[in-house]
Amino acid sequence: MSSSASKSQPTDHGGVHRVVVVGSGFGGLFGTKALKRSDVDITMVAKTTHHLFQPLLYQVATGILSEGEIAPPTREILARQKNARVLLGEVTGIDLDDRTVTSHVLGRTITLGYDSLIVAAGAGQSYFGNDRFAEFAPGMKSVDDALELRGRIFGAFEMAELGASRGEDVDHLLTFVVVGAGPTGVEMAGQIAELAHRTLKRDFRSINTRTARVLLVDAAPQVLPPFGHKLGLWTKEKLEKMGVEVMLGAMVTDVSERGLTVKFKDGREETIAAVTKVWAAGVQASPLAKVLSEQTGTPLDRAGRIAVNPDLTLTGYPEVFVVGDMIALDNLPGVAQVAIQGAKYAAKEIDGRLKGKPSQGPFKYFDKGSMATISRFNAVAAIGKVRLTGFIAWLMWLAVHLVYITGFKNRLSAVMHWFVSFLGRGRSERTSTEQQIFARTALARLERGAVDLVSRPGESEEVHPTETREQLEARALEEVRLTDESKRGVKTAAGRI
Ligand SMILES: Cc1cc2nc3c(=O)[nH]c(=O)nc-3n(C[C@H](O)[C@H](O)[C@H](O)COP(=O)(O)OP(=O)(O)OC[C@H]3O[C@@H](n4cnc5c(N)ncnc54)[C@H](O)[C@@H]3O)c2cc1C
């Protein structure tokens, strides 16, 4: 990065205590809001311009909700909070001794000084060391992921209709595999089954969508492990009644454009021909956990989460709080409430210190329970010792999600979409574009991603837009050739294409 593109934040901040918040997810947003009445100057820096309600991503992927309903602009949410401002940027550096945070966006760099820091950068998808699977089996972590999956799922039915009308075998197009039988995997498999067996059944002429196969695969021996054996069994039976094939004790060993291979405990291997795969297994904490670990010598766990003190601070740096999916503390789960409560705790601690109040003591998590939907009108819930299934659990799921969707307008339109999808058969958000399906892979083929497509301050001579466009066109042609010849993801002597 050229130094001319770099800009440091002015150090004169009028003596007001500067709080930098990294991330606009549950931790980042709730931490910032909790400091609303404090005498502080907050800068929230996040790599997206929205606050994402991840629990409903699967509904965007399956055409129930629009992305705007679950991802409102952070800037709009915080518009009235005068002590907070929002900056777009991916944080790549945190200097704990200098007390600075450095972020980048499209070739622009900014360095912010802080007096207190809240790091809430969450977690990404983990492919357990097989990152090459990502090209063929997108995860479910971002709006991009959900829109790409929407395109792939509805696109598979379109391609099957086309193939069938030409007399071709389309079984691989009508087979959908979801990897990971946690809440997200269960919700995705249930929704794809409802799409195939209910929503789309009258829309096609050459294919019968009800013959589509939906498989839910997991290496674990049960569905929804954190919900316990009984609810796991109930969920498995419910899914099977809906036509989902549940494959447990099955480890995914390879994924390609045309399918995937699973290995069972007894050593047996099976190859499943399926064009559409969804990866809903495993999480890896933000790489910022490693950045912090390297400077403090604090260990990371297997999921890359950093160990924090009982008050959520980093050892040796009491002004730095880490919250949410990034932390390893007392086996706390990676759920929204851990991030929300942790961020509120950190905000209260910062405010208290400024007012000279004693510390609140260790952070205590209050478990409000867990829920997962299986289909319309069916869910499971585990709240304390209470276990609920079916319609009652689904009503609870509905109420809880309505409370946590941000903004009245979004709540209202989500309810209307749920009416259309759950009482009727419709899915009003089925639109998807070629760009949504292929842009991620196309960008990944550029050396520096989107940065290659824009000019940067002071670097106009280095960037040649015409040349970049030509290169892009050549890449697009190559992409079409590989797809037409079914060669994407094929192993060759020279490696994988
Ligand atoms: C598909 C799915 C379904 C889920 N369902 C549920 C559920 O039903 N119930 C439940 O309780 N939990 C659920 N969760 C988990 C829950 O969403 C997370 O536990 C929660 O979002 C964690 O909050 P967080 O603030 O730690 O991270 P996030 O909410 O992920 O926020 C991270 C933020 O940091 C930003 N960021 C990341 N890296 C950087 C960087 N380097 N620089 C700047 N910004 C950065 C991101 O853009 C984002 O704004 C689900 C998660 C997923 C993915």
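Nothing here was measured: the structure is a model prediction, and the numbers come from that model. Each residue is numbered by its place in its chain's sequence as written, counting from 1. This being a predicted model, a pLDDT of at least 70 is required before a residue's local features are given, and a value of 80 or more before pairs of side-chain atoms are given or counted; all residues contribute to the totals for chains, interfaces and linings.

### Focus on the packing of helix α1 (residues 26-34) against helix α9 (residues 336-354)
Here is step 1: Here the axes come from fitting lines to C-alpha atoms, over the contacting stretch only for helices, and the angles between their N-to-C directions go from 0 to 180 degrees. Here a strand is any run of E in DSSP of at least two residues, a helix any run of H or I of at least four, and the numbering for each starts at the N terminus. For the pair α1 and α9, interaxial distance at closest approach is 8 Å and the crossing angle is 30°. The handedness of the crossing between α1 and α9 comes out as right-handed. For the pair formed by α1 and α9, the contact residues are Phe 26, Gly 27, Phe 30, Gly 31 and Ala 34 on the first element and Ala 336, Ala 339, Ile 340, Gly 342, Ala 343, Lys 344, Ala 346, Ala 347 and Lys 348 on the second.
Here is step 2: The class makeup of the residues in the contact of α1 with α9 is nine nonpolar, three polar and two charged. By convention, the crossing between two helices is left-handed when the near helix turns anticlockwise from the far helix through less than a right angle, and right-handed when the turn is clockwise. For every residue pair, C-beta atoms are placed from the backbone, and the pair is scored as a contact if these atoms sit within 7 Å. For this classification, Asp, Glu, Lys and Arg are treated as charged, while Ala, Val, Leu, Ile, Met, Phe, Trp, Tyr, Cys and Pro are nonpolar and the rest, including Gly, are polar.

### As for the pairing of strand β10 (residues 175-179)
Here is step 1: Burial analysis of β10 places five of its five residues in the buried class, the great majority of the element.
Here is step 2: Burial of β10 is two-sided: the residues Thr 175, Val 177 and Val 179 facing one way and the residues Phe 176 and Val 178 facing the other way are all buried.
Here is step 3: Here β10 pairs with strand β11 (residues 213-218) via five bridges, running parallel. Bridging from a neighbouring strand, Thr 175 pairs with Arg 213 of β11. Each residue is classed by its C-beta neighbour count within 10 Å, where at least 20 other C-beta atoms makes it buried, 12 or fewer makes it exposed, and intermediate counts make it partly exposed; the C-beta atoms are placed from backbone geometry. Here a strand pair is declared whenever DSSP counts at least two bridges between the two strands.

### Considering the sheet that holds strand β22 (residues 370-375)
Here is step 1: Reading across from one edge, β22-β23-β24 is the order of the three strands in this open sheet, with antiparallel pairing throughout. Taken across any chain shown, the strands that pair with only one partner, and hence form the sheet edges, are β22 and β24 (386-389). Going from strand to strand, the sheet's axes swing by 10° on average, the running direction of each strand aside.
Here is step 2: As paired strands, strand β23 (residues 378-383) and β24 are joined by four bridges and run antiparallel to one another. Counted as the bridge partner of Val 380 is Thr 389 from β24.
Here is step 3: Packing of helix α7 (residues 229-241) onto the sheet brings it into contact with β22, β23 and β24, and relative to β23 it is tilted by some 175°.
Here is step 4: Here helix α10 (residues 390-404) sits on the sheet and contacts β22, β23 and β24; the angle it forms with β23, its principal contact strand, is near 75°.

### Looking at the sheet that holds strand β12 (residues 244-248)
Here is step 1: The strand order across the open sheet formed by four strands is β12-β11-β10-β16, and the pairing between neighbours is parallel. Edge positions in the open sheet fall to β12 and β16 (276-279), since each of these has one partner strand only. Across the sheet, the mean angle from the axis of one strand to that of its neighbour is 20°, orientation sign disregarded.
Here is step 2: Helix-sheet contacts for helix α6 (residues 183-199) involve β10, β11, β12 and β16, and the interaxial angle to β11 is about 170°.

### Notes on the site of the ligand
Here is step 1: In this entry, near means the residue's backbone-placed C-beta atom lies within 6 Å of the molecule or strand. Neighbouring the ligand are 32 residues, the closest being Gly 23, Gly 25, Gly 27, Gly 122 and Gly 324.
Here is step 2: Broken down by secondary-structure element, the contributors of at least two residues to the shell around the ligand are α1, β3 (40-46), β5 (90-95), α6 and α9.
Here is step 3: Residues belonging to the shell around the ligand are distributed by class as follows: 15 nonpolar, 13 polar and four charged.
Here is step 4: Each domain's extent is set by a domain assignment, obtained either automatically or from a database. Each of domain 1 (3-47 + 89-126 + 284-354) and domain 2 (131-280 + 370-444) contributes no fewer than three residues to the shell around the ligand.

### A closer look at unusual backbone geometry
Here is step 1: Its identity is not glycine, yet Asn 331 carries a phi of approximately 55°, on the positive side.
Here is step 2: Relative to the assigned elements, Asn 331 resides in the loop between β21 (327-328) and α9.
Here is step 3: Backbone geometry places Phe 377, a non-glycine residue, at a positive phi of 70°.
Here is step 4: Residue placement: Phe 377 occurs in the loop between β22 and β23.
Here is step 5: Judged by the 14 C-beta atoms lying within 10 Å of it, Phe 377 falls in the partly exposed class.

### Let's talk about the domain arrangement of the chain
Think of interface size as the accessible area that goes away when the parts come together; that is how it is often given.
Here is step 1: For the chain, the assigned domains read domain 1 (3-47 + 89-126 + 284-354) and domain 2 (131-280 + 370-444).
Here is step 2: If you average the C-alpha positions of domain 1 and of domain 2, the two centres end up 33 Å apart.
Here is step 3: With four residues of domain 1 at the contact, the number on the domain 2 side is five residues.
Here is step 4: Classifying every residue of the side of domain 1 that touches domain 2 gives two nonpolar, two polar and no charged.

### A short note on α9
Here is step 1: One less than the number of residues in a helix, times 1.5 Å, gives the span that helix is expected to have. In this model α9 runs 27 Å from its N-terminal to its C-terminal C-alpha over 19 residues, within 8% of the 27 Å that 1.5 Å per residue would give.
Here is step 2: On its buried face, α9 is in contact with β2 (17-22), α1, β8 (116-119) and β20 (317-322).
Here is step 3: In the segment just after α9, Gly 356 is the residue with positive phi, at about 75°.

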